[in-house]
Amino acid sequence: MRSRRPAVFLPSKLNNVTGTIETLYRAATRLSIALMVMGAAIVLVQTFWISYGVFMRYIMNDPDRYVTEATALLLVPVAFAGLGYALMTDAYPKVTLLTERFSRRKQQFIEIINLGVMIFVGLFFGLSACSATWRSFSSGAASEVLSWPKVYFWAPVALALIGFNLYAILKLVKLLIAYGRDRSGRD
Amino acid sequence: MEWYEVGLGLLVLLVILISIGLPIPFALAAASLPFLWGIQDFSTSLISVELKLWGVWFDYILLAVPLFVLLGELIARSNIGPNLYAVMHRGVPIPGSAAYGSIGACAGFGAVCGSSMVGALTIGGVALPEMLKLGYGKKLSSGVLAAGGTLSVLIPPSLILLFYGIVTDVSIGELFIAGAVPGLILVSLFVVVVIAWSYAKPEDIPRVDESGRLTLFQILSSIVPVIIIGSVITVAIYTGIATPTEAAAIAAFITIALAFTVGGLTWSGFADALKATLRTMGYLGLLLSAGVLFGFVLTYYRVPQQFTEVFLALELSPYMILAMVIAFYVIVGMFLEPVSMTFITLPTLYPLIAASGYDLIWFGVVYTITMEIAVLTPPVGLNLYVIQGLAPGQVRIDDVVLGCLPFIGALVCLIGLILVFPDLALWLPSAMAR
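Everything numeric here is computed off the predicted structure, so don't read it as measured data.

What counts, and at which threshold
Residues numbered from 1 in each chain as written. Chains lettered and ligands numbered in written order. Predicted model: local features only at pLDDT ≥ 70, side-chain atom pairs only at ≥ 80, totals over all residues. Heavy atoms only, no water. Helix = DSSP H or I, 4+ residues; strand = E, 2+ residues; numbered from the N terminus. Buried < 20%, exposed > 50% of the residue type's maximum accessible area, 1.4 Å probe, protein only. Contact = heavy atoms within 4.5 Å. Areas by Shrake-Rupley, 256 points an atom, 1.4 Å probe, with all protein chains shown as cover. Lys, Arg positive; Asp, Glu negative; His and termini not counted. Charge placed at Lys NZ, Arg CZ, Asp CG, Glu CD. Rg over C-alpha atoms; globule rule 2.2 N^0.38 Å. Core = buried A, V, L, I, M, F, W, Y, C linked by side-chain atoms within 4.5 Å. Salt bridge = Lys/Arg side-chain N within 4 Å of Asp/Glu carboxyl O. Buried area = accessible area lost by both parts, 1.4 Å probe. Polar contact = N/O pair within 3.5 Å; in protein donor to acceptor, adjacent residues only side chain to side chain. Phe/Tyr/Trp six-rings, centres within 6.5 Å; stacked < 30°, edge-to-face > 60°. Lys NZ or Arg CZ within 6 Å of the ring centre and 35° of its normal. Axes fitted to C-alpha atoms, helices over the stretch in contact; angles between N-to-C directions. Parallel < 35°, antiparallel > 145°, perpendicular 65-115°, else oblique. Nonpolar A, V, L, I, M, F, W, Y, C, P; charged D, E, K, R; others polar. Disulfide = S-S within 2.5 Å. 1 Å grid on protein atoms, 1.4 Å probe; cavity = no way out; pocket = protein on both sides within 12 Å on 5 of 7 lines; lining within 4 Å. Points joined across faces, edges and corners; volume = space filled by probe spheres on them.

### Concerning the overall build of chain B
Next up, step 1: For chain B, the count of helices and strands is 20 helices and zero strands.
Next up, step 2: In terms of principal-axis extent, the alpha carbons of chain B reach across some 70 × 50 × 45 Å.
Next up, step 3: Within chain B, the fraction of its 434 residues that count as buried is 61%.
Next up, step 4: Across chain B, the fraction of contacts at a sequence separation of at least 24, relative to all contacts at a separation of at least 6, is 80%.
Next up, step 5: Surface exposure of chain B reaches about 15500 Å², of which carbon and sulfur atoms provide 69%.
Next up, step 6: Each charge class in chain B was averaged separately, 14 positive and 23 negative side chains, and the resulting centres sit 14 Å apart.

Right under this line is the structure:
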């Protein structure tokens, strides 16, 4: 999808900034979709692997010793892979009974505040996941049975949270520009 | 800080954040963080969150969540649900067959899908236009379908029971099995509501259903997939052959095969089902992670324990406590959707229920029924809006709300029955344990 050209009345420097933001926004969108696809692929792998595990246990009488820990480890990235995609598709449950009564301008303002809080929470979880990735990488921490390095599972979580924050920050910047443009238009 | 200051502080912050439209997972986390930083410094809290996230998500039991979500989404995008509805009413020579067929199809769909909204959307998407075309009353048509969707969360598998089991640490297999008999009783109660409706307002139910009967092949190809998928889940869990996670994976695997071969699932539908699964996991992932933080803060300050002690000191009868808890959920359920409600309220309330002497499996069934009432009560009754959204030009939201009232009455009756005869919920799990 091509970006919309910035409004003509904006100074050329601001036009460049909005153009850059649009480019980054599209990149963040693609990253969120890519992470969603990765998560979907993992869910399919889990489905087939667990089914195979049950088949081997009962039909072949040769239990798969990897399946339980491996599929449980894979759940860690799945839990966060859809974060950005959920934000893109407005899938987070919210109660809008009160805010629906506000004027459009107040609703825009509340949306900016809410997105700010979401970024604050996302950054905290993101920092925690990045710290976990770094610490598991440097310590070489591994899972108990299979000894798979934990960094393999923390890294996608950190990437998903970075992707979410990137997308949310760019969305916030776009909202702020639209809010400011709206106000200057009214003035 | 005293426990009641923390409890009240969390409550006030949550109410403010949720009221301004902040998505619930973020509200839960944002309300918890100031109190978390009151316990730990920032760098310790980062490590603490890391340990908690790993602890909660590196969990084979929790793996059932994405698998059951995928299962429901696959069924929703195939023709399995609509075909089931067609078999249940076409050519059945009984007045009101489409209404009874809707209940039957919702029950059958409930045996393969654990989400109330997906149930209402899938069966309602086919049944509502057809019922309106056949001349059924708007209130009956919309009410039976909005209420019918709730069968999905009582008849196993059930996402609400799954989350309840995760929060209360009760066997998910036993919870699923406990929901089976009450689910079947609810189907019967819904049928009784339609029969009563046909006497009270005969003009809402057309006398003759002239649609032709389906061929034997069409009937078999519609019913057999549901029987296979439903049996895999229920029998595998009941007999102990498989854990709920394994049952979910096998059922999802079989559903993929059946949906492509006899269910008319397309590749684009398959991709949409996967996208919808990850979209749901996106919010569930954060909701559960935020719920763990919230739970940690509550537990650190001993809020659930102190809350329970205060209530027990009042020496209220267990029935009074149960009535208050149910009333609380019905009221809160008007404003919050069930999954969020589970993670926000249950960690504080279930110790009180356990301390009052109630079996947590039994309460799980009662809790799920109150959640069913929650999705049928305005202003935030999810199923009401799902059904109204299926025929926005023909059905008004007040038609759906009024149409649901008798079915809400049936749900209240079911709570009463389970209260008087607890074995309705406990007999199957105890037989399973033997």
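### A few points about the overall build of chain A
Next up, step 1: Each helix and strand in chain A was counted, giving five helices and zero strands.
Next up, step 2: Ordered by position from the N terminus, the helices and strands of chain A form the series α-α-α-α-α.
Next up, step 3: Against the globule reference of 16 Å for 187 residues, chain A gives a C-alpha radius of gyration of 22 Å, more extended than a compact globule.
Next up, step 4: Looking at chain A as a whole, 47% of its 187 residues are labelled buried.
Next up, step 5: Sequence-distant contacts in chain A: of pairs separated by 6 or more residues, those separated by 24 or more amount to 75%.
Next up, step 6: Carbon together with sulfur atoms contributes 63% to the accessible area of chain A, which is approximately 10100 Å² in total.

### Considerations on the nonpolar core
Next up, step 1: By size, the foremost hydrophobic cluster in this structure holds 220 residues, and its most contacted members are Tyr92(A), Phe125(A), Trp57(B), Phe68(B), Leu151(B), Trp362(B) and Phe363(B).
Next up, step 2: The leading source of residues in this core is helix H13 (residues 267-300) of chain B, at 16 residues.
Next up, step 3: Among all residues touching Phe68(B), those that are not within four sequence positions of it are Pro157(B), Leu159(B), Leu162(B), Phe176(B), Ile233(B), Pro244(B) and Ala248(B).

### Quick word on the pattern of salt bridges
Two side chains carrying opposite charge are able to pair once their charged atoms lie near each other.
Next up, step 1: Throughout the structure, instances matching the rule amount to seven salt bridges over all chains.
Next up, step 2: For Arg135(A), the salt bridge identified is with Glu50(B), shortest N-O distance 3.0 Å. Taken as a pair, Arg135(A) in helix H4 (residues 104-139) and Glu50(B) in helix H3 (residues 42-57) lie in two separate chains rather than in one.
Next up, step 3: With relative accessibility at 35%, the residue Arg135(A) sits in the partly exposed group.
Next up, step 4: A salt bridge links Arg77(B) to Glu73(B); the shortest N-O distance between them is 2.5 Å.

### Here's the deal with the interface of chain B and chain A
Next up, step 1: On the chain A side, the residues contacting the 60 residues of chain B number 54 residues.
Next up, step 2: Contact between chain B and chain A buries roughly 5300 Å² in total, counting both sides, with carbon and sulfur atoms accounting for 81%.
Next up, step 3: On the chain B side of the contact with chain A, Phe26(B), Trp54(B) and Leu278(B) bury the most area, a combined 14% of that side's loss.
Next up, step 4: Our count for the contact surface shared by chain B and chain A stands at two salt bridges.
Next up, step 5: Between chain B and chain A we count 10 residue pairs in polar contact (both at pLDDT 80 or more) in total.

### Examining the packing of aromatic side chains
Next up, step 1: The final tally for this structure, using the stated rule, is 32 aromatic pairs over all chains.
Next up, step 2: Taken together through their ring pairs, the aromatic side chains of Phe120(A), Phe124(A), Phe125(A), Trp37(B) and Phe42(B) make up a single cluster.
Next up, step 3: Here the basic side chain of Arg105(A) rests over the ring of Tyr179(A), its NZ or CZ set 4.2 Å away from the ring centre.
Next up, step 4: The lysine or arginine in question, Lys174(A), covers the ring of Tyr25(A), its NZ or CZ lying 3.9 Å from the ring centre.

### Side note on the packing of helix H17 (residues 360-374) of chain B against helix H19 (residues 397-420) of chain B
Residue and element names in this part refer to chain B.
Next up, step 1: At a minimum axis distance of 10 Å, the contact between H17 and H19 shows a crossing angle of 170 degrees. Relative to H19, the element H17 is oriented roughly antiparallel. Taking contact as the criterion, the partners of Trp362, Val365, Val366, Ile369, Thr370, Glu372 and Ile373 in H17 are, on H19, Ile408, Leu411, Val412, Leu414, Ile415, Ile418 and Leu419.
Next up, step 2: Class assignment for the residues of the contact of H17 with H19 results in 12 nonpolar, one polar and one charged.

### Description of the state of the cysteines
Residues and elements named next belong to chain B.
Next up, step 1: Within this structure, the stated rule accounts for zero disulfides over all chains.
Next up, step 2: Free of any disulfide, Cys106 has its nearest neighbouring cysteine sulfur in Cys113, separated by 10 Å.
Next up, step 3: Taking the relative accessible area as the measure of exposure, Cys113 reaches 0% and is therefore buried.

### Overview of helix H5 (residues 80-89) of chain B
All names here are of chain B.
Next up, step 1: Burial runs high along H5: seven of the 10 residues are buried.
Next up, step 2: Among the residues making up H5, those that are buried are Ile80, Gly81, Leu84, Tyr85, Ala86, Val87 and His89.
Next up, step 3: Those residues of H5 that are buried are in contact with helix H4 (64-77), helix H6 (97-110), helix H7 (116-134), helix H11 (216-239) and helix H12 (244-261).
Next up, step 4: Backbone geometry just downstream of H5 places Gly91 in the positive-phi region, at approximately 75 degrees.

### Side note on empty space enclosed by the protein
Residue and element names in this part refer to chain B.
Next up, step 1: In this structure the tally under the stated criterion is one cavity of 30 Å³ or more.
Next up, step 2: Space inside the largest cavity adds up to approximately 30 Å³.
Next up, step 3: For the largest cavity, the full set of lining residues is Trp57, Leu62, Val65, Phe163, Leu284, Leu288 and Phe343.
Next up, step 4: Grouping the constituent residues of the lining of the largest cavity by class yields seven nonpolar, no polar and no charged.

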